[in-house]
Amino acid sequence: MIGNIYIITAIAVIGGGLFGFDISSMSAILGTQQYKCYFNQGPDGPPFNNDSCSGPKADVQGGITASMPGGSFVGALLSGFLSDKLGRKRAIQVGSVIWCIGSILICASQNIGMLIVGRFINGLAVGICSAQVPVYVSELAIPSMRGRVVGTQQWAITWGILIMFYISYGCSFIKGTAAFRVPWGLQMIPAIGLFIGLLFLPESPRWLAKKDRWEECHEVLTLVHGKGDPNAPFVGRELREIEDMCEFERNNADVTYFELFKPSMINRTHIGVSTQIWSQLTGMNVMMYYITYVFGMAGLTGNTNLVASSIQYVINVVMTIFALVFIDRWGRRGPLIIGATLMSIWMYANAGLMATYGKPAPKGGVDNVPEESWQIAGAPAKAVIACTYLFVASYAPTWGPVSWIYPPELFPLRVRGKAVALCTSANWIFNFALSYFVPPAFVNIQWKVYVIFGVFCTTMSIHTFFCFPETSGKTLEDVEEMFFSGIKPWNTRVEFRKIIAAEHGDMTDKEAAMHHEEVPAEKTG
């Protein structure tokens, strides 16, 4: 059994990588002639080798793309029940099996209906894994490492996007339907690796304790945190905290989703759900799915478009590294506020460039792609591409990882599985809506799409400043105390340290800050 938290994380977050694989398996393929001709809905019907094929209609393409997040919404809601019943680890394994089933259907798709069904099933898997992987690794990690290990899920997503994009790009040179069937089949490989890898990982000690499997709980704590010594001081402290938590849970049994809407919990539910909704309303996943449309409007075609699109995926991977290294030092509030502000600037800049220097595309869109309904050329087009890259660079170290790190830190253990499932389901229902909305929006309102997302980014920066408290470095017991302390969200980093200092006599603010990192015990309130 593997006990190193970094190896455990590296294997578990493959579940996040599945979402990345799905994003680029669609974004890299929907612009290829092979895909457009096989699923063509234009007036010339579905013949294969026809350079004028326009592919699925805008609303149908939106439906194809949206079917995956639609399934993810259902999967995220189901994941809370699966996780509580089977355990965190087995729930993720169930997700990996479902992913393989969906991938088989997608690979064998004979028509648009079959493709949508396969993607919906894939979505069920992504919903389960994206909700429970953060819970699993956060329950194994100590607070001073929690942001780093949970944030690794976002890094895995970026790697999944990048790897699958280049696989799909390479396969685009294959003639016939193998150009998209091969990458859609290859995406089963990481799910198989995830299932096998999880066989060698321990279960969450907190879930084991919840099921009164105390001996196994102690063994996992010894393996992961005690370096084989069952009498290590940290292991003893952690076990006592878990015992206290379980005693509290017994007095608060039969937790349901309604618990999340009680007066004592609704503010946290609002913050967690809002975090996931705003992460979608940044427009980032829209840029990931439909970047070839954006660059097509900027004058890029064929392989040039695909290569230029891939650069943003490289930026996404590289910039996420900064979050993994510094996120526990930066905290949560700062990156969210700064990231939203920067993204709004790039969205407004793109809207201004398109409106000022662009013009409507010929009827039927650029290169017969209706979604490419606006065109811009020359230096302004290069500026649009640059602003798109800067947008990705602003999202990757901020909203990307923090939107996964933050929700599990807000809730006590008794409700965490269902709470994170609810938050993640909000992410997926908005992903579904936006995936469906954007292709027709590009056709009908053109560059104004950028204005909409710019307004969203501006609003989320204001909302974050006034409503989101700082959770970085705090034990979950501290977070519970913080929510009942009445401290304003913008004062939670400084004021809460003063409370800790007061509780510990002459402890300085600096020592109080260190206290958060040195006390990894997790206790529900």
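Everything numeric in this text was worked out from a predicted model, so none of it was measured.

A.B. asks: An account of the overall build of the chain is requested, with residue identities and associated values reported.
C.D. replies: When helices and strands are counted, the chain shows 23 helices and 2 strands. Looking at the 525 residues of the chain, the share that counts as buried comes to 62%. The contacts of the chain with a sequence gap of at least 6 include a subset with a gap of at least 24, amounting to 77%. Roughly 19,200 Å² of accessible area belongs to the chain as shown, and the carbon and sulfur atoms make up 66% of that amount.

A.B. asks: So what about the packing of aromatic side chains? Which residues, and what values?
C.D. replies: One pass over the full model with this rule turns up 19 aromatic pairs. The rings of Tyr35, Tyr38, Phe39, Phe180 and Trp184 are connected pair by pair, giving a single aromatic cluster. Sitting over the ring of Tyr38, Arg181 keeps its end group 5.2 Å from the ring centre. The ring centre of Phe465 lies 5.4 Å from the NZ or CZ of Arg333, which sits over that ring.

A.B. asks: An account of the pattern of salt bridges is needed here, citing residue identities and associated values.
C.D. replies: Summed over the entire model, instances satisfying the criterion amount to 10 salt bridges. The partner of Arg88 in a salt bridge is Asp84, and the shortest N-O contact between them spans 3.5 Å. Look at Asp84 and you get buried, because its relative accessible area is 15%. Each of Asp84, Arg88, Glu139, Lys210, Arg416 and Lys418 takes part in salt bridges that share partners, so that together they form one network.

A.B. asks: Can you break down a nonpolar patch on the surface residue by residue, with the values?
C.D. replies: Residues Val97, Ile101, Ile192, Phe195, Ile196, Leu199 and Phe200 make up a contiguous nonpolar surface patch of about 620 Å² in total accessible area. Counting only elements with at least two residues in the nonpolar patch, the list comes to helix H5 (88-107) and helix H9 (188-198). Ranked by residues supplied to the nonpolar patch, first place goes to H9 with 3 residues. Checked against the element boundaries, Ile101 lands in helix H5.

A.B. asks: Break down the environment of Ile23 for me, with residues and values.
C.D. replies: Structurally, Ile23 can be placed in helix H2 (residues 14-27). Given the relative accessible area of 0%, Ile23 is considered buried. Sequence-wise, Ile23 and Tyr290 are 267 residues apart; in three dimensions their C-alpha atoms are separated by 9.5 Å. In this structure Ile23 touches Ile161, Asn285, Met288 and Tyr289, once residues within four positions along its chain are discounted.

A.B. asks: Give a description of the side chain of Asn122 that names residues and reports values.
C.D. replies: Note that Asn122 resides in helix H6 (residues 112-140). If near-sequence neighbours (up to four positions away) are discounted, Asn122 is found in contact with Asp22, Ile98, Trp99, Gly102, Ser103, Ile106 and Gln187.

A.B. asks: Got a sec to walk through the environment of Met287? Specific residues and values, please.
C.D. replies: Here Met287 lies in helix H14 (residues 284-297). Through-space distance from the C-alpha of Met287 to that of Val392 is 8.5 Å; in sequence the pair is 105 residues apart. For Met287, the residues in contact, after removing those within four places along its chain, are Gln312, Thr388 and Phe391.

A.B. asks: Describe in detail the side chain of Ser83, supporting the description with residues and values.
C.D. replies: Within the secondary structure layout, Ser83 lies in helix H4 (residues 58-86). Among the residues examined, Ser83 registers a relative accessible area of 0% and is labelled buried.

A.B. asks: Describe the nonpolar core, naming the residues involved and giving the relevant values.
C.D. replies: Tyr35 and Trp184 are the most contacted members of the largest nonpolar core, which has 137 residues in total. With sequence-adjacent residues up to four places away left out, Trp184 is seen in contact with Ser25, Met26, Ile29, Tyr35, Phe39, Ser103, Ile106, Cys107, Leu115 and Met164.

A.B. asks: I'd like to hear about H2, residue by residue, with values.
C.D. replies: Two residues of an α-helix separated by three or four positions point the same way, owing to the 3.6 residues in each turn. Along its 14 residues, H2 runs 20 Å from first to last C-alpha, staying within 8% of the 20 Å computed at 1.5 Å per residue. With 13 of 14 residues buried, H2 is to be regarded as a mostly interior element.

A.B. asks: Give a description of the packing of H4 against H5 that names residues and reports values.
C.D. replies: Running from amino to carboxyl end, H4 crosses H5 at an angle of 130 degrees, the nearest separation of the two axes being 7 Å. When the axes of H4 and H5 are compared, the pair comes out oblique. H5 is crossed by H4, and the crossing has right-handed handedness. Between H4 and H5, the residues in contact are Leu82, Ser83, Asp84 and Leu86 and Arg88, Arg90, Ala91 and Val94, respectively. Partitioning the contact of H4 with H5 into residue classes produces 4 nonpolar, 1 polar and 3 charged.

A.B. asks: Lay out the environment of Val415 in plain terms, naming residues and giving numbers.
C.D. replies: Inspection of the secondary structure assignment puts Val415 in helix H19 (residues 413-444). For Val415, a relative accessible area of 1% gives the class buried. For Val415 and Met265, which are 150 residues apart along the polypeptide, the C-alpha to C-alpha distance reads 9.7 Å.

A.B. asks: Please give an account of the confidence of the model for the chain that cites residues and values.
C.D. replies: Per-residue confidence for the chain gives a mean pLDDT of 83, with 90% of residues at or over 70. Note on residues 506-525: pLDDT is under 50 here. Beyond four places in sequence and across chains, it has 54 contacts.

The rules behind the values
- Residues numbered from 1 in each chain as written.
- Predicted model: local features only at pLDDT ≥ 70, side-chain atom pairs only at ≥ 80, totals over all residues.
- Heavy atoms only, no water.
- Helix = DSSP H or I, 4+ residues; strand = E, 2+ residues; numbered from the N terminus.
- Buried < 20%, exposed > 50% of the residue type's maximum accessible area, 1.4 Å probe, protein only.
- Contact = heavy atoms within 4.5 Å.
- Areas by Shrake-Rupley, 256 points an atom, 1.4 Å probe, with all protein chains shown as cover.
- Phe/Tyr/Trp six-rings, centres within 6.5 Å; stacked < 30°, edge-to-face > 60°.
- Lys NZ or Arg CZ within 6 Å of the ring centre and 35° of its normal.
- Salt bridge = Lys/Arg side-chain N within 4 Å of Asp/Glu carboxyl O.
- Patch = residues over 30% accessible without salt bridge, like charges linked within 9 Å, V, L, I, M, F, W, Y side chains within 5 Å.
- Core = buried A, V, L, I, M, F, W, Y, C linked by side-chain atoms within 4.5 Å.
- Expected span 1.5 Å × (residues − 1).
- Axes fitted to C-alpha atoms, helices over the stretch in contact; angles between N-to-C directions.
- Parallel < 35°, antiparallel > 145°, perpendicular 65-115°, else oblique.
- Left-handed = near helix turned anticlockwise from the far one by under 90°.
- Nonpolar A, V, L, I, M, F, W, Y, C, P; charged D, E, K, R; others polar.
- pLDDT = per-residue confidence, 0-100.

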